[in-house]
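Examination of the molecular architecture
Letter by letter, the chains look like this.
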Amino acid sequence: MSHPIPLVDLKAQYAAIQPEIDGAIARVIANTSFIGGKEVSAFEQAFAEFQGVKRCVGIASGTGAIALVLHALGIGAGDEVITTPHSFIATVEPIEAAGAVSVFVDIDPATFNMDVTQIEAAITPRTKAIMPVHLYGQMARMDVIMDIARRHGLVVIEDAAQAHGAEYLGKRAGQWGDAACFSMYPGKNLGAYGDAGAVCTNDDALADKIAKLRDHGRTSKYAHDIIGFGERLDALQAAILGAKLPHLADWNEARRRIAGEYTELLDGAEGICTPYVDPNGVPVFHIYCVTVSGDRDAIQAALKARGVEAGIHYPLPLHMQPALAHRGYAVGAFPHTEHAANCILSLPIYPEMSLEQVRTVADALRDVVGGRAGA
Ligand SMILES: *Cc1c(COP(=O)(O)O)cnc(C)c1O
């Protein structure tokens, strides 16, 4: 076995930009300005520009970003938010924590994103918002979603945790919905060295409200006119993100190149289905997700034995999570989601991956799925 190939390789990225990162960290420590200040505002301005929106508000995490947007938009007890069951738990946690109800619609099996043709049937008098997730770095069909939302008077909150720089019909997350929530968790396309997140929006009043909410609702140091949260992005993370942001376009391009290589190398392989790319969009491949026929868990284990680390995003749909058992969703409620959960496999992808590594992974997957696991 040659060198194992990890799912993501954060060390390779640090090695490529070490002086920039070390410089950013040293600068913050020398200034001892750890909360707020110009590191945070400079990153916010740069990321707003990158997403093509008026405003960005740095938040302590992606989960916090969703929570603050819901709060700022007045979504709470008894309200319903339509979203997808094929996502990370953090999509629905803030909805549930606010006392609102996450209402699921199944995915389109081609894109793994919300099936927009099922949204209208899920709307009730209590529906307040639609929360699409741009899963794996491919944006949901935002033109259709915005049209439905406008016709029914709903707000749209984009979960863009996996979609920094992704486009749909030439527009990025935050340019479509009322707000887009980003995670800068370390493994995301733009990752901090700890927890971090952001809200992007074209709505100045909403941005101002979220900026106040993240910082204890304060108007001055010890004056607070609303009850807020402790959800600030800190200066150290902002400086690191600011050092990384100039590389993000190249990193996303590298991910698209690697995805293209995988798709070409796996073309025609029996039992392996490569990702569908919506021709209206430009994905950023946070995850490169194939579906495999056969015993997926055994395939994942056989890959591991050959030094290839594959992941599963996500093995248990949200409507089947014990945390949501009280909703009483039955098995079979969202068949495309449940089918996906059983046959998806995420292959290693990170911008520094070499073509040789991509070949190694593709060859291993072909062998394993083709029943030549020992080859
Ligand atoms: C990562 C992620 C989140 C949560 O982000 P954190 O920064 O970890 O809080 C939310 N939604 C999706 C789809 C994610 O992938």
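First, a word on scope: everything that follows refers to the structure included in this document. (Residues numbered from 1 in each chain as written. Predicted model: local features only at pLDDT ≥ 70, side-chain atom pairs only at ≥ 80, totals over all residues. Heavy atoms only, no water.)

On to the overall build of the chain, then. Check the secondary structure of the chain and you find 11 helices and 15 strands. For the chain, whose C-alpha radius of gyration is 21 Å, the value lies close to the compact-globule estimate of 21 Å for 375 residues. Dimensions of the chain along its principal axes, counting C-alpha atoms only, are 70 × 55 × 35 Å. Relative to its 375 residues, the chain shows a buried fraction of 52%. By sequence separation, contacts in the chain at least 24 residues apart represent 69% of the contacts at least 6 residues apart. On the chain, roughly 15500 Å² of surface is accessible, and the fraction owed to carbon and sulfur atoms is 55%. Each charge class in the chain can be summarised by its mean position, and for the 30 positive and 43 negative side chains these summaries are 4 Å apart. (Helix = DSSP H or I, 4+ residues; strand = E, 2+ residues; numbered from the N terminus. Rg over C-alpha atoms; globule rule 2.2 N^0.38 Å. Buried < 20%, exposed > 50% of the residue type's maximum accessible area, 1.4 Å probe, protein only. Contact = heavy atoms within 4.5 Å. Areas by Shrake-Rupley, 256 points an atom, 1.4 Å probe, with all protein chains shown as cover. Lys, Arg positive; Asp, Glu negative; His and termini not counted. Charge placed at Lys NZ, Arg CZ, Asp CG, Glu CD.)

Before going further, it helps to spend a moment on unusual backbone geometry. In this model, histidine 313 is joined to tyrosine 314 through a cis peptide bond whose omega is 15°. Its location among the elements puts tyrosine 314 in the loop between helix H9 (296–305) and helix H10 (335–343). Positive phi outside glycine occurs at leucine 169, with the angle close to 50°. Among the secondary structure elements, leucine 169 is positioned in the loop between strand E6 (167–168) and strand E7 (171–172).

This part takes up the sheet that holds strand E9 (residues 197–201). The sheet built from seven strands is open, its strands ordered E1-E9-E8-E5-E4-E2-E3 with mixed pairing. Across the chains shown, the open sheet's two edge strands, defined by having one partner strand only, are strand E1 (55–59) and strand E3 (101–104). Each neighbouring strand pair of the sheet contributes to a mean axis angle of 25°, computed without reference to strand direction. Bridge analysis of strand E8 (residues 179–183) against E9 gives four bridges, and the strand direction is antiparallel. Bridging from a neighbouring strand, phenylalanine 182 pairs with alanine 198 of E9. Against the sheet, helix H2 (residues 38–51) engages E1, E8 and E9, with an angle of about 125° to E1. (Pairing = 2+ DSSP bridges. Axes fitted to C-alpha atoms, helices over the stretch in contact; angles between N-to-C directions.)

In the neighbourhood of the ligand, 16 residues make up the surrounding shell, with Gly62, Thr63, Asp159, Ser183 and Lys188 lying closest. Between the ligand and the protein, one listed contact pairs an oxygen atom with a backbone N or O atom of glycine 62 at 2.8 Å. Note that an oxygen atom of the ligand is positioned 2.8 Å from one of the side-chain N or O atoms of glutamine 162. Contact with the protein chains hides 93% of the accessible area of the ligand, taken as 380 Å² for the molecule alone. (Near = heavy atom within 4 Å. Polar contact = N/O pair within 3.5 Å; in protein donor to acceptor, adjacent residues only side chain to side chain.)

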